[in-house]
Amino acid sequence: MLSVLTGAGLWIAGEQLSRPARASLGPPPADLQARAVRIPVPRPIPDAVGEQAPGQVSAWFSPGQPGRGAVLLLHGVRSHRGQMLARARLLHQTGMSVLLIDLPAHGESSGERISFGWRESQGVAAALSFLRRELPQEKLGVIGVSLGGASLLLLSPQERGPLQAVALESVYPTIEEAVHNRLRVRIGEALSQGLTPMLLSQLPLRLGVEPSQLRPEQALRQLGETPVLVAGGQLDTQTPPAETRRMAAAAPQLHTLWLLDGAHHTDLQAFAPEAYRQQVLAFLVQRLRADTDAGANTAPTATP
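Fair warning: this is a prediction, and the values are worked out from it, not measured in the lab. (Residues numbered from 1 in each chain as written. Predicted model: local features only at pLDDT ≥ 70, side-chain atom pairs only at ≥ 80, totals over all residues. Heavy atoms only, no water.)

Peer 1: Looking at this structure, how should I read the packing of helix H6 (residues 175-187) against helix H7 (residues 189-200)?
Peer 2: Packed helices, taken two at a time, are described by the angle between their axes plus the distance between the axes. It is at 8 Å that the axes of H6 and H7 come closest, and there the two elements cross at 135°. On the basis of their axis angle, the class for H6 and H7 is oblique. With respect to the hand of their crossing, H6 and H7 are arranged in right-handed fashion. For the pair H6 and H7, the contacting residues are Ile175, Glu176, Val179, His180, Leu183, Arg184 and Ile187 in the first and Glu189, Leu191, Ser192, Gln193, Leu195, Thr196, Leu199 and Leu200 in the second. Within the contact of H6 with H7, the residues separate by chemical class into 8 nonpolar, 4 polar and 3 charged. (Axes fitted to C-alpha atoms, helices over the stretch in contact; angles between N-to-C directions. Helix = DSSP H or I, 4+ residues; strand = E, 2+ residues; numbered from the N terminus. Parallel < 35°, antiparallel > 145°, perpendicular 65-115°, else oblique. Left-handed = near helix turned anticlockwise from the far one by under 90°. Contact = heavy atoms within 4.5 Å. Nonpolar A, V, L, I, M, F, W, Y, C, P; charged D, E, K, R; others polar.)

Listed below in structure tokens is the structure:
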């Protein structure tokens, strides 16, 4: 009887974790000088195992000044593009172009299941293609928070294309560790060890994806020559510092590791806005500005 109840409880938990996170966001804030766009997803986003439907990604697009670069902003799980507004404003004030999207099954985008980066990656691919069409001369970077970073990394190199800078914030290295860490915080180490495999066993049934396909650390090794900044909180229990260090070490080329003192699994920009400006903004400005503009002041022109 206990095993039946445990199985039922885990099935319900799996349902809650994978159900879509809808939100109505309205028009973009006036100060961002952005327009709302809907970006078609060429590869259909599966609604359930064995079913496919045309997909679209909802977004706000704010063109910047020529030669200042463009940044795609990718939010965390069960959130939406509004989570990235403060980052968008910070980048916009430097003259960068920004694109904030709702990942598939989030906000106003299509998709019927959250898949921890697997299906979400197709929305990221569509957003990158949109930026390359709109701003073909600009250097391109990405900020990916947690699920957003995983969604970027789980793209194949061909789908992702060349990038000039990637900032990853609190991104899990493997889905096994992500689930185990979150269960451990709630129910303790012993129970987590036993229940993690049972929860992960639902992935093929619900989402048509194996746990072995959800390993951003492994995918990060295929990022080529792209400079990478890997950030996390020193007190994060969901993506602990040791895992963040592993993610940084997996970057095949130049990488920067930033572990923020006192931060848990939280919004790093909101937690320490000035430190974020000095670390993440400076990293992106250095990598994305055109060579003729490289000597320009990297500080924003206004306080966010």
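More follows now that the structure is in view.
Peer 1: I keep staring at the nonpolar core and nothing clicks. Help me out?
Peer 2: Among soluble globular proteins, nonpolar side chains are generally buried collectively. Formed by 57 residues in total, the largest nonpolar core has its most connected members in Leu72, Leu99, Ile101, Leu128 and Ile175. Take this core: its biggest share by element is 7 residues, from helix H3 (residues 120-134). Leucine 99 has contacts with Val37, Ile39, Ala59, Trp60, Phe61, Val71, Leu72, Leu73, Ala127, Phe130 and Leu131, leaving out every residue within four places of it along the chain. Met96, Ala165, Trp258 and Ala263 belong to the second-largest nonpolar core, a separate cluster that totals 31 residues. (Core = buried A, V, L, I, M, F, W, Y, C linked by side-chain atoms within 4.5 Å. Buried < 20%, exposed > 50% of the residue type's maximum accessible area, 1.4 Å probe, protein only.)

Peer 1: Explain the confidence of the model for the protein here, please?
Peer 2: When pLDDT is low, close inspection of the predicted coordinates is not appropriate. Looking at the protein as a whole, its pLDDT mean stands at 90, while 88% of the residues score no less than 70. Note on residues 47-51: pLDDT under 50 across the span, and 14 contacts to partners over four residues away in sequence or across chains. (pLDDT = per-residue confidence, 0-100.)

Peer 1: Help me understand the packing of helix H2 (residues 85-92) against helix H12 (residues 273-288), please; the structure alone is not making it clear to me.
Peer 2: It is at 11 Å that the axes of H2 and H12 come closest, and there the two elements cross at 60°. Considered as vectors, H2 and H12 are oriented oblique to each other. In terms of crossing hand, the pair formed by H2 and H12 is right-handed. Between H2 and H12, the residues in contact are Arg87, Leu90 and Leu91 and Tyr276, Arg277, Leu281 and Leu284, respectively. Class assignment of the residues belonging to the contact of H2 with H12 gives a composition of 5 nonpolar, no polar and 2 charged.

Peer 1: Where do I start with unusual backbone geometry in this structure?
Peer 2: Note on backbone geometry: most residues besides glycine have negative phi, and most peptide bonds are trans. At arginine 78, a position not held by glycine, the phi torsion is positive, near 60°. Here arginine 78 shows up in the loop between strand S4 (70-74) and H2. A positive phi angle, close to 55°, is found at serine 170, a residue other than glycine. Here serine 170 is to be found in the loop between strand S8 (165-169) and H6. When its relative accessible area of 3% is taken as the criterion, serine 170 is described as buried.

Peer 1: Would you take a moment to explain the pairing of strand S9 (residues 228-233) for this structure?
Peer 2: Of all 6 residues making up S9, 6 are buried, and the element is well covered by its neighbours. Of the two faces of S9, the one carrying Val228, Val230 and Gly232 and the one carrying Leu229, Ala231 and Gly233 are both buried. Bridge analysis of S9 against strand S10 (residues 255-260) gives 6 bridges, and the strand direction is parallel. If you follow glycine 233 over to S10, its bridge partner there is leucine 260. (Pairing = 2+ DSSP bridges.)

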